[in-house]
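# What the coordinates show
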Amino acid sequence: MDLAFVIDGSESISRADPGNWQKVLEFVASFVDFYVVRPGSTRVALVQFSDIGVIEFNFTTYSTAEEVKQAILGVQIRNSFTNTHDGIVKMRQLFTPAFGDRPDVSNVAVILTDGEHSRETPDPVPEAERAQGEGITMLAVGVAQANREELKGLSSEPKKEYETYWMQESFDDLAEVIGSLRSTSCTKPSELRCKAGW
């Protein structure tokens, strides 16, 4: 599996509590532990979106879980507005051969946001639908003031809460969704995809 995380790095993440950004990174890093990360198995990439989408690293940048987690925990928040659309544009770029995407494995993206797209930016839902049309399974996690309808629109079919999208009240609650996220993205644990026994 090629697994991309698309995380909101807007100013609202850290406005109430500067520690929220670290909680986001720790959530993403802990999720990596469910997978066998190596070149022939699961590979991980990361996009941060704020004023623009930025590819922090692609599928070929790191080859072990420890390298991936260290890179995730070192990402600096951009701290601007919320251009979810451009984050998904950059995510779609990741799922191409130029950024290490493999044509013979499943493509999964986990998007995490605490709000909705800024009014001066394009609606991200049509871009998410394009990604899904290209075979990318999109799972969406909303926290705090996330817009439920937008979150639902970003997620893949059946667009069902607790199956393809999740809403959490606070950043402290993020860990609660890991189990069901894992169940959706990793339905057949194997040596080549996910760690068994979780």
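The rules behind each value
Residues numbered from 1 in each chain as written. Predicted model: local features only at pLDDT ≥ 70, side-chain atom pairs only at ≥ 80, totals over all residues. Heavy atoms only, no water. Core = buried A, V, L, I, M, F, W, Y, C linked by side-chain atoms within 4.5 Å. Buried < 20%, exposed > 50% of the residue type's maximum accessible area, 1.4 Å probe, protein only. Helix = DSSP H or I, 4+ residues; strand = E, 2+ residues; numbered from the N terminus. Contact = heavy atoms within 4.5 Å. Pairing = 2+ DSSP bridges. Right-handed = clockwise from strand over helix to strand, strands pointing away. pLDDT = per-residue confidence, 0-100. Axes fitted to C-alpha atoms, helices over the stretch in contact; angles between N-to-C directions. Parallel < 35°, antiparallel > 145°, perpendicular 65-115°, else oblique. Left-handed = near helix turned anticlockwise from the far one by under 90°. Nonpolar A, V, L, I, M, F, W, Y, C, P; charged D, E, K, R; others polar.

Of all hydrophobic cores here, the largest spans 36 residues; its most connected members are Leu3, Phe5, Phe31, Ile72 and Leu181. Mapped onto this core, the elements with two or more residues apiece are strand 1 (2-8), helix 2 (20-32), strand 2 (43-49), helix 3 (65-73), strand 4 (107-113), strand 5 (136-143) and helix 7 (178-185). Tallying contributions element by element places helix 2 first for this core, with eight residues. Ignoring any residue separated from it by four or fewer positions in sequence, one finds Ile72 in contact with Leu25, Val28, Ala29, Val32, Leu46 and Phe57. Phe49, Ala140, Ala146 and Met167 belong to the second largest nonpolar core, which has 23 residues in total.

Next up on the list: the pairing of strand 6 (residues 165-168). Residue alternation in strand 6 divides its side chains into two sets, Tyr165 and Met167 and Trp166 and Gln168, and both sets are buried. Relative to strand 6, strand 5 is paired through four bridges, and the arrangement is parallel. Bridge pairing in strand 6 links Val141 to Trp166. Chirality of the crossover, the property in question, places the unit of strand 5, helix 6 (residues 148-154) and strand 6 among those that are right-handed.

What follows is about the confidence of the model for the chain. The share of residues in the chain with pLDDT of 70 or more is 93%, and the mean pLDDT across the chain is 89. Low confidence marks residues 188-192, where pLDDT is under 50. Its contacts with residues over four positions away, or in another chain, come to 11 contacts.

This part takes up the pairing of strand 3 (residues 53-57). Examined bridge by bridge, strand 2 and strand 3 share four bridges and lie antiparallel to one another. Paired with Gln48 across the strands is Val54, a residue of strand 3. Hairpin connection between strand 2 and strand 3: a loop of three residues separates the two successive antiparallel strands.

Moving on: the packing of helix 4 (residues 84-94) against helix 5 (residues 125-133). The relative placement of two packed helices comes down to the angle between their axes together with the axis-to-axis distance. For the pair helix 4 and helix 5, the least separation of the axes is 8 Å and the interaxial angle reads 20°. On the basis of the axis angle, helix 4 is roughly parallel to helix 5. The crossing of helix 4 and helix 5 is left-handed. Residues His85, Ile88, Val89, Met91 and Arg92 of helix 4 lie in contact with helix 5, whose contacting residues are Glu127, Ala128, Arg130 and Ala131. Of the residues belonging to the contact of helix 4 with helix 5, the class tally is five nonpolar, one polar and three charged.

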